[in-house]
Amino acid sequence: MITEKPTIDMLEEWKSIWMQYKDMLKPNRKSGKELIEYLQNKYILTEINEKRALDAIIYNVTMNKVHAEKLPAGKTPIPRAFYLERAGNGEIFYRDENKDPDDVWNGSITKIFTGIDEVTGFFMVEGSTMLWDEMCAFQGLDEKDLQNFVCVAQYINALKRFDLLKNILPE
């Protein structure tokens, strides 16, 4: 998850990661619905139906060229928003050792928000880079993402964070 303005060094690192892995990766992107099912099966979520939250998801899809291109012709986003509860498997994200530094989120986090578009698979997370990385690792990449060095680097780094890189590379 990118939490700061990328520097030249960061861009060079991401390009290097892309060069190292681009020919080994195959499209494996899961849909927004699959991402929601994954989270619902693993964590306790409270769905949010606030217009402001749903609009944030819609605007992120429609106002961002990379995400808007994934929207099929004639389709509109179907936003879903949730709080990941501090209970069950979700407790791990709230433990001190897994919390992000306060400066990432401008203060302490009491709830973790995630928004997902069922149509494009776009997702966003506020409050946990760990959850964002887990979702990125689960979702995978499509053919277009594989050509984007930033997407590939984020995916590889997410896989590494959970020791999953070995699971997707050819033998």
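Being a predicted model, the structure only gives us computed values, none of them experimental.

Attention now moves to the overall build of the chain. When you go through the chain residue by residue, the secondary structure sums to eight helices and four strands. For 171 residues, the compact-globule estimate of 2.2 N^0.38 gives 16 Å, and the C-alpha radius of gyration of the chain, at 16 Å, lies within 12% of that figure. Dimensions of the chain, computed from the C-alpha atoms along their principal axes, are close to 45 × 40 × 30 Å. Considering the chain as a whole, with its 171 residues, one finds that 42% of them fall into the buried category. In the chain, of all internal contacts separated by at least 6 residues, the share reaching a separation of at least 24 is 69%. When the accessible surface of the chain is split by element, carbon and sulfur atoms take 51% of a total near 9,800 Å². In the chain, 22 positive and 28 negative side-chain charges are present, and the distance between their average locations comes to 4 Å.

Here we come to the pairing of strand S2 (residues 79-84). Counting buried positions over the six residues of S2 gives five, a clear majority of the element. Sheet topology note: the strand S1 (residues 45-48)/S2 ladder contains four bridges and is antiparallel. In the strand pairing of S2, Leu45 is matched with Leu84. Across six bridges, S2 lies against strand S3 (residues 112-117) in antiparallel orientation. Bridged to Phe82 within S3 is Thr114.

Okay, the packing of aromatic side chains next. Following the criterion strictly, the structure yields four aromatic pairs and no others. Taken together, a centroid distance of 4.0 Å and an interplanar angle of 15 degrees make the contact between Tyr38 and Phe138 stacked. Taken together, the residues span a long stretch of sequence, with Tyr38 in helix H2 (residues 32-42) and Phe138 in helix H6 (residues 129-139) at a distance of 100 residues. For Phe138, a relative accessible area of 21% puts it in the partly exposed group. Where Phe123 meets Trp132, the ring centres are 5.3 Å apart and the plane angle is 45 degrees; that geometry is what we call tilted. The pair formed by Phe123 and Trp132 is uniform in burial state, with each residue classed as buried. Looking at Lys15, its charged tip hangs above the ring of Phe149, at a distance of 5.4 Å from the centre.

Cut-offs and rules
Residues numbered from 1 in each chain as written. Predicted model: local features only at pLDDT ≥ 70, side-chain atom pairs only at ≥ 80, totals over all residues. Heavy atoms only, no water. Helix = DSSP H or I, 4+ residues; strand = E, 2+ residues; numbered from the N terminus. Rg over C-alpha atoms; globule rule 2.2 N^0.38 Å. Buried < 20%, exposed > 50% of the residue type's maximum accessible area, 1.4 Å probe, protein only. Contact = heavy atoms within 4.5 Å. Areas by Shrake-Rupley, 256 points an atom, 1.4 Å probe, with all protein chains shown as cover. Lys, Arg positive; Asp, Glu negative; His and termini not counted. Charge placed at Lys NZ, Arg CZ, Asp CG, Glu CD. Pairing = 2+ DSSP bridges. Phe/Tyr/Trp six-rings, centres within 6.5 Å; stacked < 30°, edge-to-face > 60°. Lys NZ or Arg CZ within 6 Å of the ring centre and 35° of its normal.

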